[in-house]
Amino acid sequence: MNAYTVVTYRQRPDLIPVADDLTAESWPEFMLNDTVANRLFPRLEVDFPDFQFLLLDGGNAVIGVGNSIPVAWDGLSASLSDDGWDWVLEQGFSGLENGVVPNTLSALSISIPPSRRGQGLSRVMVEAMVKLAADHGFGNLIAPVRPNQMHRYPLTPVERYARWTNDDGAPFDAWMRVHWRLGAEIVKPCPRSMRIEGSVQQWQDWTGMRFPETGDYIVPGALAPVRIEREADRGIYVEPNVWMRHRIGD
C-alpha cells in the first residue's frame, strides 16, 4: 500500500463524517438520489462497519472511501440481477435481517475526490477491497461496475459498450480496465443498475439544466439519457452498469 493506510469505519468512526462529505463531493448530484440508496445506504456504517473503509494519506487525510456489502451468492452468472447496484444492496440487508450467511463481498462504490484522481488511487482502492474480501474468507468480490467513460457515449447500449476493447484486448472503459488488470472478469451488463426519479424541478436543480418539453435529454455525467415527462412532472434515469467478478485466491 506504499504510504497509504486503510482503516475501516469500525476502526475510525470519527472519520465517517469526512467520508460522507468526500462521497458527496465525488459524484454528480443526481447520483446521490437513488431511491434504494436513500433508504439503505446510510445504514451501512451501522450494520456493516467492517466493510466500509477509508484510504488515508498520512495522518487523518482521507483520500478515498470504499463501500461494500456481504451477500450470499451461488456463483452463477444468471443469479446476478439486471438490477445490479440496487439489487445487491437490497440483497445484503435482506440477508442480514433473515440470518443468511454471506459468502461473497459486493463492491458498492469507490469515491476519490476530483483533486486526487489520476494518481493511481483507483487501483489501490480496488486492491484494498479485494483484500477485505479475502480477509473475511469470501471466495469472490463482485461489482456492479459503473463504466466511468460511458457518459461520453450515452446513446450506446451498455451491452455493446461493455464489449469494446483497446488494441491490446483490455476493456475500452478506464474503470472496467482497472478491475480487469487486477484479475477481474466481465460477467455481463446490468442495464437497470440504479433508478433515479424526481420532479422536473428536482432534475433542473440537480443538473443546472432546463427541460422545456417532454423528451430524452443528455445530462452531464449520466451514462444514458434522462427521460423527462413534463405532463407527469417527473424525470427518470435508469443507470446501466457492468457486473465484474474477482475470484479470491485464484
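Everything numeric here is computed off the predicted structure, so don't read it as measured data.

## A short note on the overall build of the protein chain
1) Next: Per the secondary structure count, the protein chain includes eight helices and nine strands.
2) Next: Computed over its C-alpha atoms, the radius of gyration of the protein chain comes to 18 Å, within 12% of the 18 Å expected for a compact globule of 250 residues.
3) Next: In terms of principal-axis extent, the alpha carbons of the protein chain reach across some 50 × 40 × 40 Å.
4) Next: Residues counted as buried form 50% of the 250 residues belonging to the protein chain.
5) Next: Taking the intrachain contacts of the protein chain between residues at least 6 apart in sequence as the baseline, contacts between residues at least 24 apart amount to 73%.
6) Next: In the structure as shown, the protein chain presents an accessible area of about 11,700 Å², 48% of it carried by carbon and sulfur atoms.

## Considering helix H5 (residues 121–135)
The α-helix winds at 3.6 residues per turn, so residues separated by three or four positions along the chain end up facing the same way.
1) Next: In a regular helix each residue adds 1.5 Å, so 15 residues correspond to 21 Å; H5 covers 21 Å between its end C-alpha atoms and thus fits that length.
2) Next: Of the residues making up H5, those classed as buried are Leu 121, Val 124, Met 125, Val 126, Ala 128, Met 129, Leu 132 and Ala 133.
3) Next: Following H5 by one or two positions, Gly 137 adopts a phi angle in the positive range, close to 80°.

## Quick word on the nonpolar core
Nonpolar side chains tend to gather and get buried jointly when the protein is soluble and globular.
1) Next: Core analysis: the biggest nonpolar cluster contains 65 residues, and Phe 30, Ile 69, Leu 89, Leu 105, Trp 203 and Tyr 237 have the highest contact counts within it.
2) Next: At eight residues, the largest contribution of residues to this core is made by H5.
3) Next: Setting aside anything within four residues of it in sequence, one finds Ile 69 in contact with Leu 44, Phe 48, Val 88, Leu 89, Gly 92, Phe 93, Thr 104, Leu 105, Ser 106 and Leu 108.
4) Next: Listed in part, the 10 residues of the second largest apolar core include Val 7, Leu 15, Leu 56 and Val 62.

## Thoughts on the side chain of Ser 68
1) Next: One can find Ser 68 in strand E3 (residues 62–71).
2) Next: At 2.6 Å, the side chain of Ser 68 forms a polar contact with the backbone oxygen of Phe 51.
3) Next: With residues up to four places along the chain from it excluded, the contact list for Ser 68 reads Leu 44, Phe 51, Gln 52, Leu 105, Ser 106, Ala 107, Leu 108, Met 129 and Leu 132.

## Some points on the pairing of E3
1) Next: Burial analysis of E3 places 10 of its 10 residues in the buried class, which makes it a mostly covered element.
2) Next: Both strand E2 (residues 52–56) and E3 contribute to a ladder of five bridges, which runs antiparallel. Residue pairing across strands places Leu 55 opposite Gly 64, the latter belonging to E3.
3) Next: Linkage of E2 to E3, two consecutive antiparallel strands, is achieved through a turn of five residues, within which Gly 58 is found at a positive phi near 75°.
4) Next: The pairing of E3 with strand E4 (residues 104–111) spans seven bridges and is classified as antiparallel. Across the sheet, Ser 68 pairs through a bridge with Ala 107, a residue of E4.

Parameters at a glance
Residues numbered from 1 in each chain as written. Predicted model: local features only at pLDDT ≥ 70, side-chain atom pairs only at ≥ 80, totals over all residues. Heavy atoms only, no water. Helix = DSSP H or I, 4+ residues; strand = E, 2+ residues; numbered from the N terminus. Rg over C-alpha atoms; globule rule 2.2 N^0.38 Å. Buried < 20%, exposed > 50% of the residue type's maximum accessible area, 1.4 Å probe, protein only. Contact = heavy atoms within 4.5 Å. Areas by Shrake-Rupley, 256 points an atom, 1.4 Å probe, with all protein chains shown as cover. Expected span 1.5 Å × (residues − 1). Core = buried A, V, L, I, M, F, W, Y, C linked by side-chain atoms within 4.5 Å. Polar contact = N/O pair within 3.5 Å; in protein donor to acceptor, adjacent residues only side chain to side chain. Pairing = 2+ DSSP bridges.

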